[in-house]
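Summary of the model geometry
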Amino acid sequence: MTELTFQLNNEDETIAVGQKLARHIQAPLTLYLTGDLGAGKTTLSRGLIQGLGHKGAVKSPTYTLVEPYELDGVQVYHFDLYRLNDPEELEFMGIRDYFTNSSLCIVEWPDKGEGLLPDADIHLHLNYVYQGREIHIRALTDSGKTLLAAIK
Ligand SMILES: Nc1ncnc2c1ncn2[C@@H]1O[C@H](COP(=O)(O)OP(=O)(O)O)[C@@H](O)[C@H]1O
Ligand SMILES: [Mg+2]
């Protein structure tokens, strides 16, 4: 199984997808999150990061580009590359150091880092549909497929 689409009627349902991912996700894994501004990428990230045990707020790393968390001994990195002007900036921030064989990387606006950003295991795309959202999930590696099968 490599693809899945479902409807998210409200914010809680978006958070629930993040929480469900948190229950099954295993590092190392790279997750791309795409969709227009306000589509729900950060909302879903919040469900995932809090589902992994983070107690505080999950702020959007729009200006810092990355927010690190250590949850249950796992390094979790939440990226928002919206303000990246050039993928080369990823070299300056030492991007390879984040994508280790034991980290979990959540990347909003991965297209801004095209060419220098490591590939995703799973790609989640959010669309506006009426007042709600639709999420399309595509698994790109074996780890991604395992995760997709677990949350379906
Ligand atoms: N399934 C949904 N239906 C309707 N509104 C949603 C849904 N999921 C999230 N939202 C709302 O949409 C906005 C999404 O904001 P945010 O998660 O910051 O988007 P992004 O990170 O994609 O720019 C929030 O105001 C949130 O409450
Ligand atoms: Mg966001």
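- As annotated in an unreviewed UniProt entry, the protein chain carries the name tRNA threonylcarbamoyladenosine biosynthesis protein TsaE and is attributed to Shewanella cutis.
- If you open the UniProt record of the protein chain and go to Sequence similarities (unreviewed entry), you find "Belongs to the TsaE family."
- Per UniProt, the comment on the protein chain under Subcellular location (unreviewed entry) is "Cytoplasm".

**Topic: the pattern of salt bridges**
- For the structure shown, the criterion picks out one salt bridge.
- Glu11 is paired through a salt bridge with Arg46; the nearest N and O atoms lie 2.8 Å apart. Here Arg46 lies in helix α2 (residues 41-51) and Glu11 lies in helix α1 (residues 11-24), a separation of 35 residues in the sequence.
- Given a relative accessible area of 45%, Glu11 falls into the partly exposed group.

**Focus on the sheet that holds strand β4 (residues 74-80)**
- With mixed pairing, the seven strands of this open sheet are ordered in space as β1-β7-β6-β2-β5-β4-β3. Looking at the sheet topology across the chains shown, the edges are occupied by β1 (3-8) and β3 (66-71). Across this sheet, the average inter-strand angle for adjacent strands is 15°, counted without regard to direction.
- The strands touched by α1 within the sheet are β1, β2 (29-34), β6 (122-129) and β7 (132-139), with β1 carrying the most contacts at an inclination of about 140°.

Calculation criteria
- Residue numbering note: each chain is counted from 1, following its sequence as written.
- Here every chain gets a letter starting at A, and every ligand a number starting at 1, in the order they are written.
- Local features in a predicted model are, by the rule used here, given only for residues with pLDDT of at least 70; side-chain atom pairs are given and counted only at 80 or more, and totals for whole chains, interfaces and linings are based on all residues.
- Excluded from the side-chain calculation are hydrogens and water; included are all heavy atoms of the structure.
- UniProt positions are given in the numbering used here, feature names are shortened, and annotations may be inferred rather than shown by experiment.
- Salt bridges are defined as contacts in which a side-chain nitrogen from Lys or Arg sits within 4 Å of a carboxyl oxygen from Asp or Glu.
- For the purposes of this entry, the term helix denotes a DSSP run of H or I that reaches at least four residues, the term strand denotes a run of E that reaches at least two, and both are numbered from the N terminus.
- For each residue, the accessible area found with a 1.4 Å probe, counting protein chains only, is set against the maximum for its type, and the residue is called buried under 20%, exposed over 50%, and partly exposed in between.
- The pairing criterion is simple: DSSP has to find at least two bridges between the two strands.
- Whenever a helix is involved, its axis is fitted only over the stretch in contact; in every case the axis is a line through C-alpha atoms, and angles between N-to-C directions fall within 0 to 180 degrees.
- Residue contacts are counted whenever heavy atoms from the two residues lie within 4.5 Å of one another.

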